[in-house]
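Geometric and topological summary
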Amino acid sequence: MRILVVGSGGREHALAWRLAQGPEEHRLFCAPGNAGIAQVAECVPLDAEDVAGLARFAEQQAIDLTVVGPERPLILGIVDEFRARGLAIFGPTKAAAQLEGSKVFTDEILRRHGISRKRFEAFDDAGEAAAYVRSQGAPIVVKADGDALGKGVTVAATVDEALRAIDECLVQKLHGRAGERVVIEECLVGPEVSVKVITDGEDLMALPPSQDHKRIFDGDTGPNTGGMGCYTPVPAVDEALFTAIIDSLVRPTVRAMAAEGMPYTGCLYAGVILTADGPELLEYNCRFGDPETQVVLPRLDGDFAAALLAASEGRLADVDLPWREEAGVCVVVASGGYPGPYEKGKPIRGVEAAEEVEGVTVFHAGTAIRDGLLCTNGGRVLAVTGRGPDLRSTLTRTYEAVERITFEGAYYRRDIAHRALV
Ligand code: GLY
């Protein structure tokens, strides 16, 4: 097949890398890609959000399957555009991508179908939102309704903090259109896990559980990031819990979307909180996780490209993607200063030496070639990913590889997966 991957981060490098593993040989393209992706795919200088440009490219190049990495093009409707032109594409339609694109949509559909018991109310008036917060007290959660680039959720410990979050959204409009409406939710308490499935709108196939670390500093402290590392398997998610999450949340959501005329196709990523009353949904994402994809895909056997095509064509029941019983660890090496301001263009050394460590692949997240040198070109720069027979030995080999990589200001967390080993 001729396959186009849309995006430019570590997740897209892992997707392109896994698609290149076969068993069939494919011709791969990636828009826009990065320096690492260029080793397995032809990079095309088209922005991931240039929906019309990507569709034209897919037509001109007779692309058989397009796989979309980030959420923005999905929320913008890339799947609808491709389908209207008869092009196969893996991902949800614009209507279905509302599961990530609108927190109000998600809360309402889960309530309508009896999937969630969470208390929530939506507001576009700051005074009414403030009155509701005062009536409920804290802790309480304030979410910008739309896609606020990972910055729209406040878990407020006090009423004042919640009122500030409402003001930022509805009065100061700090999140633009994404914050024109807020949803105020009860604050659920418990450990968090995430579960991802591939679905064709009816059948679904669960991917191996993985867990990420979103905060910048060790001990899960400091500001949120896109993800500083992750691991698989997740000892806290045993088979019974995994089945409970799929059967009580994910499968009913897929059914609800179909029942409402918006069948969900693609990867559905559920952020789940394990409350005393059972699993509850924190949020849905309409795409593969980053960096979870980097540890999950190496565990999959079978024909990945065929499975994604089948999912996009409503034939998921025809395919199987068995997983290997092995472990994966990903440590993200970031630019100094990330997730705040950081410099780009720092020469990177040691990637080849890192990949000499057994079981290690270095996925590129933010890299570019400048004057013939591999340089930093983003906040998250490299996703150093190890695989092995168990978590402990995989962790050791992954950090051995990380230590071989150097660039000015390089930063990484030293405690990835540690909580899985206590
Ligand atoms: N790792 C978090 C995310 O992909 O949203």
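Below is a summary of the structure that appears in this document. Since the structure is predicted, the reported quantities are computational estimates derived from the model, not experimental observations.

**Details of the pairing of strand β12 (residues 211-217)**
Examined bridge by bridge, β12 and strand β13 (residues 221-232) share five bridges and lie antiparallel to one another. Paired with R215 across the two strands is N224, which belongs to β13. Where β12 folds back onto β13 in an antiparallel hairpin, the turn is made up of three residues, including G219, whose phi is positive at roughly 75°.

**Side note on a negative patch on the surface**
Taken together, the side chains of D124, D125, E128 and E180 make up a negatively charged region of the molecular surface. The exposure class assigned to D125 is partly exposed, which follows from its relative accessible area of 33%.

**Examining the site of the ligand**
In the neighbourhood of the ligand, the contacting residues comprise D212, K214, G226, Y269, N285, R287, G289, D290, P291 and E292. The contact in question runs from a nitrogen atom of the ligand to an N or O atom on the side chain of D212, over 2.7 Å. Contact between the ligand and R287: an oxygen atom at 2.8 Å from a side-chain N or O atom of the residue. Coverage of the ligand by the protein chains reaches 90% of its 200 Å² of free accessible surface.

**Observations concerning the sheet that holds strand β7 (residues 140-144)**
With respect to topology, four strands assemble into an open sheet ordered β6-β9-β7-β8, the strand pairing being antiparallel. One side of each edge strand has no neighbouring strand; the edge strands of this open sheet are β6 (120-123) and β8 (153-156). In this sheet, neighbouring strand axes are inclined to one another by 20° on average, regardless of whether the strands run parallel or antiparallel. Relative to strand β9 (residues 182-186), β7 runs antiparallel, the two sharing five bridges. For V141, the partnering residue across the bridge sits in β9 and is E185. The sheet contacts of helix α7 (residues 126-136) involve β6, β7 and β9, and relative to β6 the element is tilted by about 160°.

**A word on the packing of aromatic side chains**
Taken as a whole and assessed by the stated rule, the structure comprises nine aromatic pairs. When the centroid spacing of 6.4 Å and the interplanar angle of 85° are considered together, the rings of F217 and Y411 count as edge-to-face. Of the two residues, F217 sits in strand β12 while Y411 sits in the segment after α13 (391-402), which places them 194 residues apart along the sequence. One aromatic cluster is present, built from ring pairs that chain together F90, F288 and F304.

**Section: the pattern of salt bridges**
What the rule picks out here adds up to 29 salt bridges. Residue E42 is joined to R27 by a salt bridge in which the shortest nitrogen-to-oxygen separation is 2.7 Å. Separated by 15 residues along the polypeptide, E42 in strand β3 (residues 42-43) and R27 in strand β2 (residues 27-32) bring together distant segments of the chain. Relative accessible area serves as the criterion here: at 42%, R27 is assigned to the partly exposed category. As a salt-bridge pair, D290 and R380 come within 3.7 Å of each other at their nearest N and O atoms. Here the residue D290 occupies a position in the loop between β15 (278-285) and α10 (292-296), and R380 occupies one in strand β20 (residues 380-388), the gap between them amounting to 90 residues. Of the two residues, D290 and R380, both sit in the buried class. Put simply, D218, D220, R413, D415 and R419 are held in one network by salt bridges that share partners.

About the thresholds
- Residues numbered from 1 in each chain as written.
- Predicted model: local features only at pLDDT ≥ 70, side-chain atom pairs only at ≥ 80, totals over all residues.
- Heavy atoms only, no water.
- Pairing = 2+ DSSP bridges.
- Helix = DSSP H or I, 4+ residues; strand = E, 2+ residues; numbered from the N terminus.
- Patch = residues over 30% accessible without salt bridge, like charges linked within 9 Å, V, L, I, M, F, W, Y side chains within 5 Å.
- Areas by Shrake-Rupley, 256 points an atom, 1.4 Å probe, with all protein chains shown as cover.
- Salt bridge = Lys/Arg side-chain N within 4 Å of Asp/Glu carboxyl O.
- Lys, Arg positive; Asp, Glu negative; His and termini not counted.
- Charge placed at Lys NZ, Arg CZ, Asp CG, Glu CD.
- Buried < 20%, exposed > 50% of the residue type's maximum accessible area, 1.4 Å probe, protein only.
- Near = heavy atom within 4 Å.
- Polar contact = N/O pair within 3.5 Å; in protein donor to acceptor, adjacent residues only side chain to side chain.
- Axes fitted to C-alpha atoms, helices over the stretch in contact; angles between N-to-C directions.
- Contact = heavy atoms within 4.5 Å.
- Phe/Tyr/Trp six-rings, centres within 6.5 Å; stacked < 30°, edge-to-face > 60°.

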